[in-house]
Every structure is written in C-alpha cells, then in structure tokens.
Amino acid sequence: MANGAIRLGPFGGQYPRTANRLLPDGAAMLASDLNLTSGEIRPLKTSTLTSAATNPLTAYRAVNELTDEEKWRTWTIDIDIAKVPLSVDVEGRYCWSGDGEPRFTTYTNYTTVASDLALGVPTPTTAVSVGHTGGSGTTTTRFYRYTFVTALGEESAPSPVSVEETANLNSTWNIGSTTAMQAFPANTGSGTATYSSPYTTFTNSASALHWLRAGDQVVINSVTLDVVSIPTTSSFTVTGNYSAYTSWARKAYWNTTGMYRRLYRTTGSTGTYQLVADNITATTYSDTLTDAQIEGDDLISDGWVPPPAGLRGLGFVPSGAAFGFVNNLLCFSEPYQAHAWPIAYQLGADYPIVQTKAYGTVVVAATHANPYMADGVEPATATLQKVSAVWPCLSKRSMVSVGDGVMYATSFGLAYVGQAGPSIFTKDFYTEVEWKLLNPESMVCALSENRVFARYQPSGEVPAILLFKLLEQGAPLTTSSVQCDGLYADPNDGEAYFLKSTGVYKFDAEAGVRLTFNWTSKDFELQTPINWGAAKIGVKNIISTADRAAIAAKIATDTATNAATLTAYNNSSSGIARGGVNGSMVNSKGVNMGPVMLDVSAPQSEHVTFNLYYD
C-alpha cells in the first residue's frame with residue numbers, strides 16, 4: 001500500500017492458519033475455482049461427463065496401446081487397481097484388490113464383469129505315483145513334481161514330491177499310473193448343506209476338493225457370500241442359512257480354461273528339478289528321456305502361491321513386483337509374476353496396515369500408528385523400517401504417491417513420508433485444530449499435474465476440494481466448490497477426474513464453461529482514514545471464442561434436456577408439469593417447475609464484479 005492505494009497482485013492462494021490481517025501481500029482469505037499458477041486469476045471450467053455410471057467410488061481407464069482404444073470401468077466400492085507390467089505387444093492385463101479375493105482381467109474382457117478371474121494359480125496338493133518298465137544297464141533314483149500352468153503362462157507352485165523310485169536310465173518311467181496328476185482346480189461344486197446358527201457348512205460330494213480359501217467369494221442361490229472358514233478340503237462355511245441349496249460357484253473363477261501341466265524331475269546327482277515335459281493335458285505321462293535329452297529348464301516356481309484372499313492396497317514397483325497388505329503384513333509378488341506371492345516375501349509391521357503406496361522402489365505402509373517403509377529393488381531383499389513419527393492413517397483413500405514420497409491424511413494434517421524425510425506437508429496451511437474441522441477421516445486424495453487434490457466433507461456439510469500445488473512458488477493452496485464422492489487421476493495421461501453419483505467427470509474440461517470464481521484478499525489495516533475514489537481492474541480474455549462456443553453448446557444441451565424432461569413429466573389430465581419442493585438440491589432442479597435445469601446465460605459483455613468490504 002502506497003500513496004493511499006492498495007495494489008493486489010500477483011494473486012496467491014490461501015493460508016487458513018494465518019489471521020486474515022497478517023496474511024502476506026497477494027495471499028487470499030478465499031481462492032476458489034481458479035488457477036493462480038501464472039499470478040493472474042484464471043477461472044477454471046466446469047467438469048464434463050466422460051463415462052456414465054451409478055454411484056462410482058473407483059474408476060479406471062484401460063488403454064490398448066496397440067490400437068489406441070480405451071475402456072472405462074467403475075466400481076461402487078473402494079478398490080486398488082493397477083495395470084500389470086508386461087511387454088507392450090502383450091494384451092494388457094489389469095489386477096485389483098478390495099472386491100473379494102484379488103482379481104484380474106484382460107483388456108478384451110475388461111468391462112465384462114462375468115469374465116473377472118481370481119488372481120493366482122492354486123498349488124497341486126497330490127503327489128504323483130512313479131513306476132517303471134523295461135530298461136537295462138545303469139540305474140538311477142528320481143523324484144517327480146508337477147505344476148499347473150494357465151493359458152497366459154502363469155505357473156503354480158509345484159506339487160508335493162513323489163516317492164523315491166529307482167530304475168534303469170533307459171527305462172520307461174510311468175508317471176501317474178497308480179496316483180495320477182491332480183485334476184485342475186474346481187470352480188463349482190455340489191453336495192450337502194447343513195445349517196448351525198449362524199453358519200451353513202457345504203460339503204462337496206465324494207469328498208471332492210473345493211479349492212476355496214477363507215475370504216474367497218462364492219455365489220449360492222444368486223447371492224454373493226464370503227467364505228468364513230475351511231473345515232476340510234471338501235467343506236467350507238458361509239454366514240446365513242443356505243441349507244436348502246446344495247450347489248455353489250466361485251464369484252471369480254480360477255483361470256482354468258486352457259490350463260495344462262508341466263512335469264519336472266531330479267536329474268543325476270544335482271538334486272534340482274528340471275523340466276521333463278510341457279503342455280501336458282492328461283493326468284498320466286510316460287517319461288522315456290535320458291538326462292542328456294531333457295532341456296534342463298529349472299523349476300523356479302517353488303513357493304509361488306496365490307495372493308492372500310484378503311489382500312488390499314495392490315500396486316506395483318519398478319522391479320515388476322506387485323505389493324499389497326493383509327492385516328499387519330506387507331506382501332510382495334515375484335517380479336513380473338503378479339499371480340505368484342511367496343510367503344517368504346511377507347514383512348510384518350507392529351500395527352494393522354491401512355493402505356500401501358509406492359514411490360520409486362520404496363513401498364510405504366500407513367498403519368494405525370507409525371508408517372513403515374520397505375526398500376529393496378527385489379522383494380527377496382526388501383526390509384521393513386518403522387518411521388519414528390506416530391501418524392495414524394485416518395483414511396485409506398487419502399493415501400497418494402507424489403513422486404518422491406507419499407502423503408496421507410492423519411490427525412495433524414497431510415503426512416509426507418519420502419526422500420525428504422517425514423513431515424506434515426500442510427503445517428504451513430492448517431493448525432491441528434483447523435485441520436480436524438475438515439474431517440480428515442472423509443478425505444480422498446489424488447495427484448494430477450503436480451497438484452494434490454484432497455476431497456473432504458466436514459460433519460454436516462457438503463463436500464469440497466483442496467488443491468495443493470507441489471514444488472512451485474505461489475498459489476500453493478486453492479479450493480474447488482465441486483461436490484464429488486471420489487477422485488481419479490488417470491495414469492495414462494495424468495488428467496484428474498471427479499466421481500459423482502452419475503458418473504466420471506473430467507476436471508477443468510476443455511469443453512466446459514468458465515466457473516464463477518471467488519478471490520478474496522487479506523484484511524488491510526489503514527493508518528489513516530481514506531476516502532476511496534476509484535478501483536482499476538486489469539482484465540484480459542475472460543470469455544474467449546471457445547468459451548462462448550462451450551456456453552452455447554451448454555445452453556442447447558440444457559434446452560433439449562428440459563424439453564424432454566417436461567414432456568416426460570407432463571400431467572395428461574391437467575397439462576401442467578409436476579413440480580415439488582425438497583425433492584432436489586438447490587440449483588439442480590426447478591421449484592414448482594418440474595425437474596428442469598437452469599439455463600446458462602451467454603454473457604453480453606466481459607465483466608467482473610468487484611466488492612470492497614470495510615469495517
């Protein structure tokens with residue numbers, strides 16, 4: 001302020017923890033629905049519908065890099081989904097956790113829910129018998145094991161070891177003549193059902209294996225149920241009385257279509273198992289190969305079990321390994337083998353884990369108390385370290401990777417854990433008391449274009465959004481009045497999307513209409529009374545040609561929607577469109593006019609409204 005004048009600009013963001021009269025020059029009490037990166041006020045645009053859906057909480061856009069096609073899919077629950085790291089010339093696969101047992105699908109079947117498959121390949125549980133016929137000369141002792149392999153090349157852990165068999169080297173070794181290689185895992189079953197409150201126990205006929213685990217989901221009489229316990233390999237329990245039904249099916253099938261077996265044996269005195277035969281579809285096999293004739297491929301899938309049924313927080317690190325958690329265990333898959341999760345790769349924290357995210361090769365596990373960091377290029381060498389700060393994660397959906405670390409909502413603010421060391425990222429913006437008023441338990445976060453979006457909903461109020469700018473000077477915090485239930489940052493192009501009750505909406509869309517923004521300055525305390533005479537405002541290109549076209553298109557769309565809605569709601573007896581009070585949100589439908597939209601008015605001139613508040 002100089003010579004009785006107040007100069008505003010460059011325009012900055014909000015610092016809610018600082019008293020309004022003590023804000024730095026250029027800072028705002030309120031900066032809503034605008035972009036201040038340039039130092040100018042540039043209004044954001046409305047979000048536009050990208051993919052229609054009903055009450056989505058999670059969304060993901062799958063892209064076929066070979067054809068440049070895309071498919072959207074949404075879930076009404078909170079899940080963690082990621083693309084499996086594969087060569088670009090292999091059809092894309094996508095796996096997720098949080099929707100029953102971990103699941104996956106291919107790009108072709110991405111939007112076909114009935115084609116979702118359980119992630120992992122079950123381990124054969126029966127050792128094969130070994131006999132021999134014929135042969136002469138030198139004798140040797142062998143052991144055999146076999147694995148299940150899917151049509152996608154996913155291999156299971158090996159079966160138990162066969163009994164020892166000694167025979168001539170040139171004998172015919174008969175595999176499975178007495179005890180055959182096991183049938184492929186079952187996806188359905190039938191038998192008997194017995195109810196004993198509060199559980200029903202299903203037992204398969206003829207003691208057939210069900211291949212289920214506690215936490216898997218089954219469908220009984222069109223109802224999806226969680227498997228509670230596994231009394232035996234042929235029986236399982238669910239909650240509720242389903243004794244009238246004797247058949248069941250997995251909600252997500254094991255990928256047994258096109259499944260085959262691989263047979264391995266010990267060779268000479270090495271003690272290692274090497275491949276004898278691939279692509280075996282029968283349950284028996286005759287091995288006539290000498291040691292010199294087998295190709296020598298080693299068995300490498302020992303310990304490759306499916307991920308735990310209750311796995312959450314699924315993601316990938318650059319080594320190609322998947323990660324996730326169950327209870328207090330941080331779990332990893334074999335690199336580039338998303339179906340294989342060795343128990344040896346599980347690391348235990350002292351507290352239950354709430355969510356996991358990665359930056360670089362580091363996985364951060366936010367818990368009910370201290371966060372943990374697991375560092376290691378390979379899961380086999382990863383170690384788990386406790387961060388000294390006690391920062392409980394209050395919202396699983398608030399955890400987000402920000403490049404050099406991760407952030408999540410705790411009671412003190414947005415906690416940062418990363419290369420720069422642990423800190424409370426929001427300490428310069430909010431005190432602990434002010435932060436708690438935002439209800440951090442409700443927060444959902446996403447990262448897009450170097451901005452952290454934090455959706456929150458104070459108790460008894462409508463949701464809103466905070467936007468924190470990272471690694472840039474000026475305008476670090478602004479807000480958005482957009483109401484949504486979730487956020488999605490597209491890993492394919494980095495764009496931000498809002499999840500609302502009617503679908504997925506692109507943030508600040510090119511085709512959107514400019515929003516009415518609000519930038520309110522700090523309080524200015526004047527040394528002497530001043531009689532204000534004028535205000536000068538610099539304005540440039542508020543409404544562009546493209547903006548006018550977008551507004552015209554919006555008016556045309558709303559007009560057509562209103563006409564169709566009025567026709568549908570018309571009362572044939574009176575010819576009057578029905579209306580109502582308290583039936584809709586304010587400004588979403590008319591009062592006593594029927595559920596019509598309020599038209600957007602095209603501006604007659606470019607203008608801004610300036611208000612000067614005093615006393």
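Notes on the structure in this doc start here. None of the values given here were measured: they were computed from a predicted structure. The numbers attached to residues start from 1 for each chain and follow its sequence in the written order. At least 70 in pLDDT is required for a residue's local features to be given in this predicted model, at least 80 for side-chain atom pairs to be given and counted, and no such filter applies to totals for whole chains, interfaces and linings, which use all residues. To obtain the side-chain values, all non-hydrogen atoms of the structure were included, while hydrogens and water were left out.

## Observations concerning a nonpolar patch on the surface
Argument step 1. Only residues whose relative accessible area exceeds 30% and that take part in no salt bridge are eligible for patches, with like-charged residues grouped when within 9 Å of each other and nonpolar side chains (Val, Leu, Ile, Met, Phe, Trp, Tyr) grouped when within 5 Å. To be clear on the numbers: accessible area is Shrake-Rupley with a 1.4 Å probe, and residue cover counts the displayed protein chains and nothing else. By convention in these notes, a salt bridge is any Lys or Arg side-chain nitrogen within 4 Å of a carboxyl oxygen on Asp or Glu. A cluster of nonpolar side chains, contributed by I6, L8, F524, L526, I530, W532, I537, V539, V608, F610 and L612, occupies part of the molecular surface with about 850 Å² of accessible area.
Argument step 2. Strands here are runs of E lasting at least two residues and helices are runs of H or I lasting at least four, both read from the DSSP assignment and numbered beginning at the N terminus. With respect to the secondary-structure elements, I530 resides in the loop between strand 45 (518–521) and helix 2 (545–569).

## Observations concerning the pattern of salt bridges
Argument step 1. Going through the model one piece at a time under the given rule, you end up with 27 salt bridges.
Argument step 2. With a closest N to O distance of 2.5 Å, E65 and K83 form a salt bridge. Of the two residues, E65 is situated in the loop between strand 5 (58–64) and strand 6 (69–75) and K83 in strand 7 (residues 80–83); the sequence distance between them amounts to 18 residues.
Argument step 3. In this structure E65 comes out as partly exposed when scored by relative accessible area, which is 44%. Under the scheme applied here, a residue whose accessible area is under 20% of the maximum for its type counts as buried, over 50% as exposed, and between as partly exposed, the area being computed with a 1.4 Å probe on protein chains only.

## Digging into unusual backbone geometry
Argument step 1. With an omega dihedral of 5°, the bond running from S197 to P198 counts as a cis peptide bond.
Argument step 2. Take P198: it is sitting in the loop between strand 16 (188–196) and strand 17 (199–204).
Argument step 3. Here N221, not a glycine, exhibits a phi torsion of approximately 55°, which is positive.

## What to know about the side chain of K506
Argument step 1. The topology assignment puts K506 in strand 44 (residues 503–506).
Argument step 2. Accessibility expressed as a relative area gives 15% for K506, which makes it buried.
Argument step 3. Definition of a polar contact: a pair of N or O atoms within 3.5 Å, with one able to donate and the other able to accept a hydrogen when the atoms are protein atoms, and with sequence-neighbouring residues admitted only if both atoms are side-chain atoms. A polar contact of 3.2 Å, which involves the side chain of K506, links it to the side chain of E510.

## Here we look at the environment of Q419
Argument step 1. Structurally, Q419 can be placed in the loop between strand 36 (413–418) and strand 37 (423–424).
Argument step 2. Along the sequence, Q419 and V406 sit 13 residues apart, while their C-alpha atoms lie 9.6 Å from each other.
Argument step 3. The contact criterion used is simple: two residues touch if any of their non-hydrogen atoms lie within 4.5 Å. Once residues lying within four places of it in the same chain are set aside, the contact partners of Q419 are Y359 and D404.

## Remarks on the side chain of R93
Argument step 1. Mapped onto the fold, R93 is located in strand 8 (residues 93–98).
Argument step 2. Here R93 occupies a buried position and makes no salt bridge, while the nearest side chain of opposite charge, E154, is found at 4.1 Å.
Argument step 3. Apart from residues lying up to four places away in sequence, R93 is in contact with A82, K83, V84, L86, F104, T105, T106, L152 and E154. When charges are counted, Lys and Arg are positive and Asp and Glu negative, with His and the chain ends excluded.

## What about the pairing of strand 20 (residues 229–232)?
Argument step 1. Two strands form a pair only when DSSP identifies at least two bridges running between them. Alignment of strand 20 against strand 21 (residues 235–239), held across two bridges, turns out to be antiparallel. The residue of strand 21 that forms the bridge with S229 is T237.

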